[in-house]
Amino acid sequence: MSERILIIGSEGQVGTDLAAYLRGVYGKENVMCSDIKPVSDEKLDNGPYRVLNVLVKEHIREAFKEHKPTIVYHLAAMLSATAEAKPKFGWELNMDGLFNIFDAALEYGVKRLFWPSSIAVFGPNTPQLDTPQFCVMDPNTIYGISKLAGERYCEYYNKRWGLDVRSIRYPGLIGWKAMPGGGTTDYAVDIFHQALDKGRYTSFLSANTRLPMMYMDDAIRATVEVTEAPADKILIRSSYNLAGVSFDPEMLTEAIRKHIPTFHIDYKTDHRQAIADSWPKSIDDSRAQSDWDWELEYDTDAMVAEMLKQLAPRYGK
Ligand code: AKB
């Protein structure tokens, strides 16, 4: 029997790519998408869709009853920069949303649940280079605090109630299908659009702010691989480190200039600089490699080439 999949937060940056991938593999009728807003008629042709607010239990129950998912990807969350602007609501959405999905997953006997964590679980007291899987964390943003609390709850629900939750700590994600919304790593997506559109970009992070990043195709593959791996390979039930590649705006600019030599960058940092400064510069993901055979495909140059190739037609290039 084919899996029946429910994606919560399907219209976001990750959801857009994940839905396209999973519908290609499992067939569109087997993958229900859901998000807080209605979508266009054109999108409704792509497969089943439901308006679902993770804070409304009735919405969740209806989706679970109708679709009977065997696997749920719960992606709905508020990212780092937005959550700093609305800290109480950020906490409520990220935590109560997760609890509601935990409850429904147990009540309706879901086989597996994927929930993303983030490099934001680390903080200023964390070793910043090759950050280990297990170390001091002490996140100092609401988003990071909610992700760390979520990780502890994932492990707790697994140990106490047997819920088969899987999770990875996403680095900054770079894709061309959808824009990110409200994150600190968003510059690394916007820069491609501005490079093609205007030939210049003003970065809100400073030139040497190095952060772990990952091309979306790798992130989608990691998400599906960790979710579909045999249960006995998933030895970490909080969340797995995922390294991706590591660069700063200056390094990314150099990589873009290999394709657009006249590309110009300047810098005007804002409140997101402090968030970025509290996060790791690079990550050790050896546990993901050894436990479920994770392998990265895209390095920085491959990611840049692919982003520019995919986005160029949008800007008449
Ligand atoms: C953000 O910048 O908030 C996210 C993340 C690293 O989780 N992209």
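Data block above holds the structure.
Residues numbered from 1 in each chain as written. Predicted model: local features only at pLDDT ≥ 70, side-chain atom pairs only at ≥ 80, totals over all residues. Heavy atoms only, no water.

Participant: So what exactly am I meant to see when it comes to the site of the ligand here?
Facilitator: Looking at the ligand, the residues that line it are Leu79, Ser80, Ser118, Ile119, Tyr143, Gly183, Thr184, Thr185 and Trp279. At 2.7 Å from an oxygen atom of the ligand is found a main-chain nitrogen or oxygen belonging to threonine 184. In this structure, threonine 185 approaches the ligand through a side-chain N or O atom, which is 2.9 Å from a nitrogen atom. Out of a free accessible area of 250 Å², the ligand has 94% covered by protein chains. Of the domains in this structure, domain 1 (5-172 + 214-241) and domain 2 (176-213 + 246-281 + 298-315) are the two that each give at least three residues to the shell around the ligand. (Near = heavy atom within 4 Å. Polar contact = N/O pair within 3.5 Å; in protein donor to acceptor, adjacent residues only side chain to side chain. Areas by Shrake-Rupley, 256 points an atom, 1.4 Å probe, with all protein chains shown as cover. Domains from an automatic or database assignment.)

Participant: Please clarify how the sheet that holds strand β8 (residues 168-170) should be interpreted in this entry.
Facilitator: Strand-to-strand pairing in sheets goes through backbone hydrogen bonds, with the strands running parallel or antiparallel. An order of β6-β8-β12 is seen for the three strands of this open sheet, with the pairing classed as parallel. Sheet topology places β6 (117-118) and β12 (240-241) at the edges, where each strand pairs with a single neighbour. With two bridges joining them, β6 and β8 adopt parallel strand pairing. Paired with serine 117 across the two strands is arginine 169, which belongs to β8. Set on the sheet, helix α8 (residues 216-228) makes contact with β8 and β12; between it and β8 the angle comes to about 165 degrees. (Pairing = 2+ DSSP bridges. Helix = DSSP H or I, 4+ residues; strand = E, 2+ residues; numbered from the N terminus. Contact = heavy atoms within 4.5 Å. Axes fitted to C-alpha atoms, helices over the stretch in contact; angles between N-to-C directions.)

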